[in-house]
Amino acid sequence: MRDKEVEVNLLQYADDKIFVGEFKLENVVVVKSTLRCFELVSSLKVNFHKGRFGGIGVDLEEIERFFTYLNCRILTFLFVCWEIPIGANPKRLETWEPIISKFEKKLAS
């Protein structure tokens, strides 16, 4: 990859987005620029203030530097995304109970 290229991975579901990438300012700028361009071309509004920003294995000070630039809230772990607990211990049965229960209900119907 050349110095001027920035790789951004995106996981999208309905109106939820998860951007996955190296925790650096350049990536944060690309994400915000992309969302801002979407606003301009679609005439829709991106509610940055409703968004959450976080990092795994990153100091809180670094997160605080970037979340103010994005005008959003800090993402705290544990959180639930599409009914899947993110940040929970995957070895604990309690982590998977909501998902297992949903599948059992689906199979019973």
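As a reminder, the structure under discussion sits directly above these lines.
It should be emphasised that the depicted structure is a prediction, and the values quoted were computed from it without experimental measurement.

1. Things to note about the overall build of the protein
Of the regular secondary structure elements, the protein holds three helices and six strands. Ordered by position from the N terminus, the helices and strands of the protein form the series β-β-α-β-α-β-β-β-α. Looking at the protein residue by residue over its 109 residues, the buried ones come to 16%. A sequence separation of at least 24 residues applies to 25% of the contacts in the protein between residues at least 6 apart. Approximately 8,900 Å² of the protein is accessible, and the part contributed by carbon and sulfur atoms is 57%.

2. Points about helix α3 (residues 93-108)
Its 16 residues give α3 an end-to-end C-alpha distance of 21 Å, which sits within 8% of 22 Å, the value for a rise of 1.5 Å per residue. At Ile-99, α3 shows its largest kink, close to 30 degrees.

3. Topic: the packing of helix α1 (residues 25-42) against helix α2 (residues 60-70)
At a minimum axis distance of 10 Å, the contact between α1 and α2 shows a crossing angle of 20 degrees. By the angle between their axes, α1 is roughly parallel relative to α2. The two elements α1 and α2 meet at a crossing, and its hand is right-handed. Between α1 and α2, the contacting residues are Leu-25, Val-28, Val-29 and Lys-32 on the first element and Phe-66, Tyr-69 and Leu-70 on the second. Of the residues in the contact of α1 with α2, the class split is six nonpolar, no polar and one charged.

4. Observations regarding a nonpolar patch on the surface
On the surface, a cluster of nonpolar side chains totalling about 230 Å² of accessible area is made up of Leu-25, Val-29 and Tyr-69. When its relative accessible area of 42% is taken as the criterion, Leu-25 is described as partly exposed.

5. Comments concerning the side chain of Glu-39
Take Glu-39: it is sitting in helix α1. Given the relative accessible area of 7%, Glu-39 is considered buried.

Procedures and definitions
- Counting of residues starts from 1 at the beginning of each chain's written sequence and follows it residue by residue.
- Given that the model is predicted, a residue must reach a pLDDT of at least 70 before its local features are reported, and side-chain atom pairs must reach 80 or more before they are shown or counted; all residues, however, enter totals for whole chains, interfaces and linings.
- Side-chain measures here rest on the full set of heavy atoms in the structure, leaving out hydrogens and waters.
- Secondary structure counts use DSSP, requiring at least four H or I residues in a row for a helix and at least two E residues in a row for a strand, with both numbered from the N terminus.
- Between buried and exposed lies partly exposed: a residue is buried under 20% and exposed over 50% of the maximum accessible area for its type, with that area taken using a 1.4 Å probe on protein chains only.
- Pairs of residues are marked as contacts when any of their non-hydrogen atoms sit within 4.5 Å.
- Surface accessibility in these figures is a Shrake-Rupley result with a 1.4 Å probe; residues are shielded only by whichever protein chains are displayed.
- In this scheme, a helix's expected span is set at 1.5 Å multiplied by one less than its residue total.
- Throughout, the bend at a residue refers to the angle made by two axes, fitted to the seven residues ending there and to the seven starting there.
- Note on geometry: axes are lines fitted to C-alpha atoms, helical ones only across the stretch in contact, with angles between N-to-C directions running from 0 to 180 degrees.
- In these notes the angle categories are as follows: under 35 degrees is roughly parallel, over 145 is roughly antiparallel, 65 to 115 is roughly perpendicular, and the rest is oblique.
- Handedness of a helix crossing follows the sense of rotation of the near helix relative to the far helix, less than a right angle counterclockwise being left-handed and clockwise being right-handed.
- Three classes are used, and their members are as follows: Ala, Val, Leu, Ile, Met, Phe, Trp, Tyr, Cys and Pro are nonpolar, Asp, Glu, Lys and Arg are charged, and the others, Gly among them, are polar.
- Note that patches include only residues with greater than 30% relative accessible area and no salt bridge, and the join distances are 9 Å for like charges and 5 Å for nonpolar side chains (Val, Leu, Ile, Met, Phe, Trp, Tyr).
- Every case where a carboxyl oxygen of Asp or Glu lies within 4 Å of a side-chain nitrogen of Lys or Arg is listed as a salt bridge.

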